Amino acid sequence: MNIKLRLTIMSFMQFFVWGAWLITIGTYCLNAKGWTFPQFGAIFSTLALASLFMPAITGIIADKWVNAEKLYGILHIIYGLILFYVPKVNDPDTLYYVIFGAMICYMPTISLANSISYTILKNSKYDIVKVFPPIRVWGTVGFIVAMWATNLTDSKANANQFIIAAIGAILLGIFSFTLPKCPPPKNIKENASLIEKLGLNAFKLFGEYKMALFFLFSMLLGGALQLTNMYGDAFITGFESNPTYADSFVVKYSTIILSISQISETLFILAIPFFLRRFGIKKVMIFSMIAWVLRFGLFAYSDPSFWGTIHIVLSCIVYGMAFDFFNISGSLFVETNTSSSIRSSAQGLFMMMTNGFGAWLGSKISGIVIDEYFIAADGSRDWHHIWLSFSIYALIVTVLFAIMFKHKHTRAEEEAINRISH
């Protein structure tokens, strides 16, 4: 089989086995099981918790001892086996540890998949900058297809969503053993300190005011990154209790509607070079934050009526700008404002602050706040004010960032932007 096709299959399945349940686990826990928001917030926070330490650990293992494709396959098989156990779990405390175990296996495979692709493409004499993006975009397609599969099989409110992901993960794990070998490069020095091995030497960047401020705002915005993934499907599906909307297309196919967000991602990625060249990194970051304000604000005025559905669709469209613009402009900022000796570690720190600490705090705190302030005595949920509170939070972060973060477009950034444009 053509090597690019094999890597495309890997990329597709990498995100298929996550997308099958990531968007609908809220519907499963909150609507079907009736668990509380703090209980669900804790379960969802395991994604971020695993991201804090597992990528670094597996990176060391793949760099020193085990072929990357074999480690990747083993992790996916264990991930699939753990997901097979989910249907047997009937209390949130147990599910917390089960999902945490699954995330310990899954989260490091995201970076491993990139590493495997880079290694195989380099060994096959391909131009990575040209060849890899079309392969990676199939990961987003896989996520969308998984969302559709979960919705069309009526699995969004039951444990079948985890079975779909489990089957896919085990097949992907087996498939990975057929990939070309990616032996350990052994590029970590034997006498390297533990701090160097874990990539923690980038923490010295917190001693620089501008970098410390950037990482702080990365964490604050990271708190918002997963909120619509957590609650979006549960919010829309909840309208089924209203006789007016119970049989509406939006309620029945909420996951398919929400997949517009992932479709939007692929389109906004193409627009990023234009926006970066025209406005610079800081303004693009601000555009991203404004998009988060709109993402939540539009949800606040959404329902399955005609105009309410328009708001949902618009919210999904702006999600592409909200998610992509900050992640890519932020990584470019790190790329052009750190020395080459710690650049990779600094990128890891950026991901740790957004998808690690930020996402963990967002998951935990949002569950507690919703339970404390937005649940009525009869158990009904005030989604209008839940989404408005998220929107106000994003607005505050945006205003503070615009005022406090001083940054001018540099020549190095212009060169970096030109590289991603070609």
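Residues numbered from 1 in each chain as written. Predicted model: local features only at pLDDT ≥ 70, side-chain atom pairs only at ≥ 80, totals over all residues. Heavy atoms only, no water.

So, about the overall build of the chain. Assigned secondary structure in the chain consists of 18 helices and zero strands. The globule rule puts the C-alpha radius of gyration for 422 residues at 22 Å, and the 21 Å found for the chain is close to it. Over its C-alpha atoms, taken along the principal directions, the chain stretches across nearly 65 × 50 × 35 Å. Here the chain holds 422 residues, and the buried ones make up 54% of them. Pairs at least 24 residues apart make up 83% of the contacts formed inside the chain by residues separated by at least 6 positions. As presented, the chain carries roughly 18300 Å² of accessible surface, and 66% of it is formed by carbon and sulfur atoms. Across the chain, the centroid of the 30 positively charged side chains sits 12 Å from that of the 23 negatively charged ones. (Helix = DSSP H or I, 4+ residues; strand = E, 2+ residues; numbered from the N terminus. Rg over C-alpha atoms; globule rule 2.2 N^0.38 Å. Buried < 20%, exposed > 50% of the residue type's maximum accessible area, 1.4 Å probe, protein only. Contact = heavy atoms within 4.5 Å. Areas by Shrake-Rupley, 256 points an atom, 1.4 Å probe, with all protein chains shown as cover. Lys, Arg positive; Asp, Glu negative; His and termini not counted. Charge placed at Lys NZ, Arg CZ, Asp CG, Glu CD.)

Before going further, it helps to examine helix 5 (residues 68–85). Between its first and last C-alpha atoms helix 5 spans 26 Å; for 18 residues at 1.5 Å apiece the expected length is 26 Å, and the two agree. Every buried residue of helix 5 is listed here: A68, E69, L71, Y72, G73, L75, H76, Y79, G80 and L83. Residues of helix 5 that are buried make contact with helix 1 (3–22), helix 4 (46–64), helix 6 (92–123) and helix 8 (160–176). (Expected span 1.5 Å × (residues − 1).)

So, on to the packing of helix 4 against helix 5. Viewed as axis vectors pointing N to C, helix 4 and helix 5 meet at an angle of 140 degrees, and their least axial separation amounts to 9 Å. Taken together, the axes of helix 4 and helix 5 are oblique relative to one another. Taken together, the residues of helix 5 that come into contact with helix 4 (itself represented by T58, I61 and A62) are A68, L71 and L75. Considering only residue class, the contact of helix 4 with helix 5 consists of five nonpolar, one polar and no charged. (Axes fitted to C-alpha atoms, helices over the stretch in contact; angles between N-to-C directions. Parallel < 35°, antiparallel > 145°, perpendicular 65-115°, else oblique. Nonpolar A, V, L, I, M, F, W, Y, C, P; charged D, E, K, R; others polar.)

Moving on, we get to the confidence of the model for the chain. Overall, the prediction assigns the chain a mean pLDDT of 89, with 91% of residues at 70 or greater. For the chain, per-element mean pLDDT is lowest for helix 18 (residues 411–421), which scores 61, and highest for helix 8, which scores 98. (pLDDT = per-residue confidence, 0-100.)

On to the nonpolar core. The biggest cluster of nonpolar side chains holds 129 residues, and the ones touching the most others in it are W18, W21, Y79, M103 and Y231. Leave out the neighbours within four places in its chain, and W18 touches L47, Y79, M103, Y106, M107, I110 and F143. (Core = buried A, V, L, I, M, F, W, Y, C linked by side-chain atoms within 4.5 Å.)

Take the side chain of T58 next. Mapping T58 onto the fold places it in helix 4. In contact with T58, not counting residues within four places along its chain, are L71, L75 and P108.

Below, the discussion takes up the packing of helix 5 against helix 8. Axis angle and axis distance: for two packed helices, these are the angle between their axes and the distance between the axes, and together they describe the pair. Between helix 5 and helix 8, whose axes approach to 7 Å, the crossing angle comes to 160 degrees. Classed by the angle they form, the pair helix 5 and helix 8 counts as roughly antiparallel. As for the relative orientation of helix 5 and helix 8, their crossing is left-handed in sense. Between helix 5, through E69, Y72, G73, H76, I77, Y79, G80, L81, L83 and F84, and helix 8, the contact on the second element is made entirely by F162, I163, A165, A166, I167, A169, I170, L172, G173, I174 and S176. Per-class residue counts for the contact of helix 5 with helix 8 are 15 nonpolar, five polar and one charged. (Left-handed = near helix turned anticlockwise from the far one by under 90°.)

Within this structure, the stated rule accounts for 47 aromatic pairs. With a centroid separation of 6.2 Å and an interplanar angle of 55 degrees, the aromatic rings of Y231 and W383 are classed as tilted. Here Y231, found in helix 11 (residues 227–237), pairs with W383, found in helix 17 (residues 383–404); they are 152 residues apart in sequence, far enough to count as distant. Note on accessibility: Y231 and W383 belong to one class, buried. An angle of 80 degrees between the planes, with centres 5.7 Å apart, marks the rings of W387 and F390 as edge-to-face. You can see W387 and its partner F390 sitting in helix 17, three residues apart, about one turn around the helix. For R278, the ring lying beneath its charged end belongs to F279, and the centroid distance is 5.1 Å. In this structure, R295 packs its charged tip against the face of F299, placed 5.1 Å from the ring centre. (Phe/Tyr/Trp six-rings, centres within 6.5 Å; stacked < 30°, edge-to-face > 60°. Lys NZ or Arg CZ within 6 Å of the ring centre and 35° of its normal.)

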